[in-house]
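Here is how the chains run, residue by residue.
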Amino acid sequence: MFQRFTQICAAGAVLAAATAAGAETEVPFALDWKFEGPAAPYFVAVDKGYFTDAGLSVEIAAGQGSLDAIPKVATGAFPVGFADINSLIKFLDQNPGAPVIAVMMVYDKPPFAIVGRKSLGVEAPADLEGRVLGAPPPDGAWAQFPIFAAENDLDTDAITVEPVGFPTREPMLAQGEVAAVTGFSFSSYLNLVRLGVPEDDISTILMADHGVDLYGNAIIANTEWAAENAELLTGFLSAVAKGWADAIADPAAAIPSLIERNPAADADLETRRLQLAIEANVATDYALANGMGGIDVDRMANAIEQIKLTYEFQNAPDMSLYFTDAYLPGAEMRMLK
């Protein structure tokens, strides 16, 4: 099945290769989304020379959603990317043998959320019944909504789902055309603030606080490239951890690296967005105690069981196909404080 997929997608796919001088290896990195606050740590790693120290020349590309990087990495267009691990699990089930795997957990607590307006009657999961929910089809939070609905006994027939585009999602909520939207908590919340919605009118229902025991976005790698470039991948992950550690220590200081790549961004807004991601998703108790990047095996097993609630696996789930810690640097290199 995957062979047919690659025949469609592999045109123009190029794995990173050493530069002519051999001094640095070019490693294009596919993000999940636009250059916003949570992307700042990767640019910090570029600007502070952490990637260069590892012998890497890293070019960071924006994405169009948390599923976007998976086929890019699987086809070899990018050796590494940033994507939702739950969507990766389904992708690998549907495309057995696809050369892609998660190698570093970043969002230990996923930012999947329902963001609504209290003035439109949405403050708790049950409030979605009888109302209109805006959901972009490629959205990672929307992909997990069936699990959220099952865990909260929601009558999905009583929820009107309106497919929306990413650019129109928050504007439609701000204008009252939908009562809530699916999205990443730190993105949708602050986008509404920017649109003038009073903060005390915004409700953020984090799926992880309402029965969803999933992981979030992770660094993913093309397995063929990883096998041939193990040391480079470990160096890449070490640089990522350093970038995040610096951003956690001083979020405001990380934002200039972002603004340099996205001059139209609001520095104060993106600082808040980064802080929200750090506090809710990255610097969790587990990550602070064990270092960034690893997973708890029992929790991942529970997450797979939750995925089974709404997704029928075509093949027997195998955790080793979805995540490996083989390329992670030592825990001391991944500590966030």
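Given the structure is predicted, the values throughout are model-derived calculations rather than measurements. (Residues numbered from 1 in each chain as written. Predicted model: local features only at pLDDT ≥ 70, side-chain atom pairs only at ≥ 80, totals over all residues. Heavy atoms only, no water.)

Peer 1: A description of the overall build of the protein chain should follow, citing residues and the corresponding values.
Peer 2: Along the backbone of the protein chain there are 15 helices and ten strands. Expected size for 337 residues packed as a compact globule is a radius of gyration near 20 Å; at 19 Å, the protein chain falls within 12% of this value. Projecting the C-alpha coordinates of the protein chain onto the three principal axes gives extents of approximately 60 × 45 × 40 Å. Looking at the protein chain as a whole, 55% of its 337 residues qualify as buried. In the protein chain, the proportion of contacts linking residues at least 24 apart, taken out of those at least 6 apart, comes to 81%. Carbon and sulfur atoms provide 50% of the accessible area of the protein chain, an area that totals close to 13500 Å². Taken as two groups, the 19 positive and 45 negative side-chain charges of the protein chain have centres that lie 3 Å from each other. (Helix = DSSP H or I, 4+ residues; strand = E, 2+ residues; numbered from the N terminus. Rg over C-alpha atoms; globule rule 2.2 N^0.38 Å. Buried < 20%, exposed > 50% of the residue type's maximum accessible area, 1.4 Å probe, protein only. Contact = heavy atoms within 4.5 Å. Areas by Shrake-Rupley, 256 points an atom, 1.4 Å probe, with all protein chains shown as cover. Lys, Arg positive; Asp, Glu negative; His and termini not counted. Charge placed at Lys NZ, Arg CZ, Asp CG, Glu CD.)

Peer 1: Describe the sheet that holds strand 4 (residues 100–105), listing the residues and the values that go with them.
Peer 2: If you trace the five strands from one edge of the open sheet to the other, you get 2-1-3-10-4, paired in mixed fashion. In this open sheet, the two edge strands, each paired with only one partner strand, are strand 2 (56–61) and strand 4. Looking at each pair of strands side by side, their axes are set apart by 30° on average, direction ignored. On the sheet, helix 2 (residues 40–47) packs against strand 1 (25–30), strand 2, strand 3 (80–84) and strand 10 (217–222) and is oriented at approximately 150° with respect to strand 2. Against the sheet, helix 5 (residues 85–94) touches strand 3, strand 4 and strand 10, its axis set at about 160° to strand 4. (Pairing = 2+ DSSP bridges. Axes fitted to C-alpha atoms, helices over the stretch in contact; angles between N-to-C directions.)

Peer 1: Which residues make up the packing of aromatic side chains, and what values go with them?
Peer 2: Counted under the stated rule, the structure contains 15 aromatic pairs. Here F29 and Y42 contribute two aromatic rings whose centre-to-centre distance is 5.3 Å and whose plane-to-plane angle is 70°, an arrangement assigned as edge-to-face. Highlighted residues: F29 in strand 1 and Y42 in helix 2, separated in sequence by 13 residues. Put simply, the rings of F29, Y42, F51, F82, Y107, F112, F184, F186, F236 and W244 pair up and form one aromatic cluster. (Phe/Tyr/Trp six-rings, centres within 6.5 Å; stacked < 30°, edge-to-face > 60°.)

Peer 1: Mind laying out the pattern of salt bridges, listing which residues take part and the relevant values?
Peer 2: Scanning all chains against the criterion turns up 14 salt bridges. Note that D209 is salt-bridged to K109, the shortest N-O span being 3.0 Å. Note that D209 is positioned in the loop between strand 9 (202–206) and strand 10 and K109 in the loop between strand 4 and strand 5 (112–117), a separation of 100 residues in sequence. Taking the relative accessible area as the measure of exposure, D209 reaches 49% and is therefore partly exposed. Classification of K109 as partly exposed rests on a relative accessible area of 26%. Notably, a salt bridge pairs E270 with R273, separated by 2.7 Å at the nearest N-O pair. One end of the pair is E270 and the other is R273, both in helix 12 (residues 267–282) and three residues apart, which spans about a single turn. Of the two residues examined, E270 and R273, each falls in the buried class. Beyond isolated ion pairs, a larger network of salt bridges with shared partners links E36, E270 and R273. (Salt bridge = Lys/Arg side-chain N within 4 Å of Asp/Glu carboxyl O.)

Peer 1: Describe the pairing of strand 10, and please don't skip the residues or the numbers.
Peer 2: Successive residues of a regular strand alternate their side chains across the two faces of the sheet. Counting buried positions along strand 10 gives six out of six residues, so the element sits mostly inside the fold. Of the two faces of strand 10, the one holding N217, I219 and A221 and the one holding A218, I220 and N222 are both buried throughout. Alignment of strand 3 against strand 10, held across five bridges, turns out to be antiparallel. Following the sheet pairing, G81 is matched in strand 10 by I220. Of the pairings in the sheet, the one linking strand 4 to strand 10 comprises five bridges and is antiparallel in character. Paired with A102 across the two strands is I220, which belongs to strand 10.

Peer 1: So, the nonpolar core: which residues are in play, and what are the values?
Peer 2: Core analysis: the largest hydrophobic core is formed by 97 residues, its most contacted members being F29, Y42, L128, F145, I219, F236 and W244. Sorting elements by how many residues they give to this core places helix 10 (residues 230–249) first, with ten residues. Ignoring any residue separated from it by four or fewer positions in sequence, one finds W244 in contact with P38, P41, Y42, V106, L274, I278, V282, M292 and L336. With 14 residues, the next largest nonpolar core counts A113, V115, V197 and L269 among its residues. (Core = buried A, V, L, I, M, F, W, Y, C linked by side-chain atoms within 4.5 Å.)

Peer 1: How would you summarise empty space enclosed by the protein if you had to cite specific residues and measurements?
Peer 2: Enumeration according to the criterion identifies two cavities of 30 Å³ or more in this entry. Put simply, the largest cavity is a space of about 210 Å³. As for the largest cavity, its lining consists of 19 residues, of which D32, W33, F184, F186 and S187 are closest to the centre. Going through the elements one at a time, helix 7 (166–174), strand 8 (180–184) and helix 8 (185–194) are the ones with two or more residues in the lining of the largest cavity. Counted by class, the lining of the largest cavity contains ten nonpolar, four polar and five charged residues. In this model, the second largest cavity occupies a volume close to 50 Å³. As for the second largest cavity, its lining consists of M105, V106, D108, V282, Y286, A287, G291, M292, G293, G294 and L336. The class makeup of the residues in the lining of the second largest cavity is seven nonpolar, three polar and one charged. (1 Å grid on protein atoms, 1.4 Å probe; cavity = no way out; pocket = protein on both sides within 12 Å on 5 of 7 lines; lining within 4 Å. Points joined across faces, edges and corners; volume = space filled by probe spheres on them. Nonpolar A, V, L, I, M, F, W, Y, C, P; charged D, E, K, R; others polar.)

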